[in-house]
Amino acid sequence: MEIVVALFFSTLRQAAPLLLTALGGLFSERSGVVNIALEGMILFGAAAAAITVNRIEVASGGLEALWIPWVGVLVGALVGGLVGLIHAIASIKYRADQIVSGTAINIAALGAPSILLQVLYNNTSTSQEVKNRLPLISFGFGEVSVLVLGAFLLVPVVWWVLFQTPWGLRLRAVGEHPQAAETMGVNVIRMRYTAVILSGVLAGIAGAYLSIGFLNQFIRAMSAGAGFIALAALIFGKWHPFGVLGATLLFGFAQALAIQLQGGDILPATIVQALPFVLTMLVLAGFIGRSRPPAAVGKPYDK
């Protein structure tokens, strides 16, 4: 029973950053912009949150207060949104290839934080540990970060925004047939900018969760492919919030199972570590071609 409970809460913790990131990607791709840069946005958000909290602690002489980690989350979200804006400018204004633009951001996210770490901490791989982590919510048998609960509560909110509001209708129209949406008075460019920046904000929050919620410091490349798995969840979930929820829970379960199996003698350690990524490839192999993406996704808009 204890193993089942531990696996359940571990699944929630592993699924939360995937869910936040995938919901962000959902906005971007529903608007017609491929966002392969989610991985980099997570890393930028994680670095920004951990460094911000550490700098506040250093400046305040080690102060511990409830508001400090939330400042880190806010800065992580803002930095994620800023990276989203860069991707939007490259993809929408300058009509760069969206895959190339996203790949460039992912590469930058592997190097840029290291420069800041070198300046602040005299190393290129980790920030200092922080004392002020995100608060935990206890459910008796286990506890999770408040952002984990927030991620799951965000699913019906995103569904309502996308499918029950005029803004969501316009966003989906922009992703399906932007020329037709334009003739109906929808500002396609503004909708796409808003969606891509929003995807960066949510990915940045996911990064903040990893660095000051799940762990207590930033570690280089700590996202470990979460952005790419979130993209797979989008395809598996057929670009629908509740489909994405199911997909991220599946991937989260695979990651939690890999953690539980580590250290045991059931499977070799390398196979256990590869489980989530093998599952991701199997899902992509089985669902690419069956899931129908938004019709205009990946296509620059011409007025």
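Here, the structure is the one placed above.
Quick caveat, the model's predicted, so the values are computed rather than measured.

A look at the overall build of the protein
(1) Moving on: The number of helices and strands found in the protein is 11 helices and two strands.
(2) Moving on: Counted from the first residue to the last, the protein has its helices and strands arranged as α-α-α-α-β-β-α-α-α-α-α-α-α.
(3) Moving on: Taken over the C-alpha trace, the protein has a radius of gyration of 19 Å; the compact-globule value for 303 residues is 19 Å, and the two agree within 12%.
(4) Moving on: Considered along the principal axes of its C-alpha atoms, the protein spans approximately 55 × 45 × 35 Å.
(5) Moving on: Out of the 303 residues belonging to the protein, those deemed buried represent 50%.

Quick look at the pattern of salt bridges
(1) Moving on: Counted according to the given criterion, the structure contains one salt bridge.
(2) Moving on: Two residues, R292 and E176, come together in a salt bridge whose shortest N-O distance is 3.4 Å. Here R292, found in the segment after α11 (269–287), pairs with E176, found in helix α6 (residues 166–176); they are 116 residues apart in sequence, far enough to count as distant.
(3) Moving on: The exposure class of R292 is exposed, given its relative accessible area of 58%.

Quick word on the environment of M41
(1) Moving on: Along the chain, M41 falls in helix α2 (residues 38–59).
(2) Moving on: For the pair M41 and L12, spaced 29 residues apart in sequence, the C-alpha to C-alpha distance is 21 Å.
(3) Moving on: If near-sequence neighbours (up to four positions away) are discounted, M41 is found in contact with N35, G80, V83, G84, H87, S199, G200, A203 and G204.

Let's talk about the nonpolar core
(1) Moving on: Judged by nonpolar contacts, the single largest core of 75 residues is most densely connected at L23, I212, F218 and F251.
(2) Moving on: Sort the elements by how many residues they give to this core and α2 lands first, with 12 residues.
(3) Moving on: Those residues within four positions of F218 in sequence are excluded, and the remaining contacts are L43, A46, A47, A50, P113, L117, S125, T126, S127 and S211.

Remarks on the packing of helix α3 (residues 67–93) against helix α8 (residues 188–214)
(1) Moving on: At a minimum axis separation of 6 Å, α3 and α8 run at an interaxial angle of 145°. The hand of the α3/α8 crossing is right-handed.
(2) Moving on: Residues that form the contact of α3 with α8 fall into these classes: 15 nonpolar, eight polar and two charged.

Structural notes on the side chain of T52
(1) Moving on: Within the secondary structure, T52 is located in helix α2.
(2) Moving on: Taking relative accessible area as the criterion, T52 reaches 18% and is therefore assigned buried.
(3) Moving on: Looking at T52, its side chain comes within polar contact range of the main-chain oxygen of A48, at 2.6 Å.
(4) Moving on: Leave out the neighbours within four places in its chain, and T52 touches V71, G72 and V75.

Some points on the environment of A108
(1) Moving on: Tracing the chain through its elements places A108 in helix α4 (residues 98–121).
(2) Moving on: Along the sequence, A108 and I56 sit 52 residues apart, while their C-alpha atoms lie 26 Å from each other.
(3) Moving on: Among residues more than four places away in sequence, those in contact with A108 are F44 and P113.

Quick notes on the packing of aromatic side chains
(1) Moving on: This structure, assessed with the given rule, holds six aromatic pairs.
(2) Moving on: Where Y209 meets F214, the ring centres are 6.2 Å apart and the plane angle is 50°; that geometry is what we call tilted.
(3) Moving on: We classify Y209 as buried; its relative accessible area is 1%.
(4) Moving on: Look at F214 and you get partly exposed, because its relative accessible area is 32%.
(5) Moving on: An aromatic cluster is built from F8, F9 and F139, whose rings are joined through pairwise contacts.

The rules behind these values
- Residues numbered from 1 in each chain as written.
- Predicted model: local features only at pLDDT ≥ 70, side-chain atom pairs only at ≥ 80, totals over all residues.
- Heavy atoms only, no water.
- Helix = DSSP H or I, 4+ residues; strand = E, 2+ residues; numbered from the N terminus.
- Rg over C-alpha atoms; globule rule 2.2 N^0.38 Å.
- Buried < 20%, exposed > 50% of the residue type's maximum accessible area, 1.4 Å probe, protein only.
- Salt bridge = Lys/Arg side-chain N within 4 Å of Asp/Glu carboxyl O.
- Contact = heavy atoms within 4.5 Å.
- Core = buried A, V, L, I, M, F, W, Y, C linked by side-chain atoms within 4.5 Å.
- Axes fitted to C-alpha atoms, helices over the stretch in contact; angles between N-to-C directions.
- Left-handed = near helix turned anticlockwise from the far one by under 90°.
- Nonpolar A, V, L, I, M, F, W, Y, C, P; charged D, E, K, R; others polar.
- Polar contact = N/O pair within 3.5 Å; in protein donor to acceptor, adjacent residues only side chain to side chain.
- Phe/Tyr/Trp six-rings, centres within 6.5 Å; stacked < 30°, edge-to-face > 60°.

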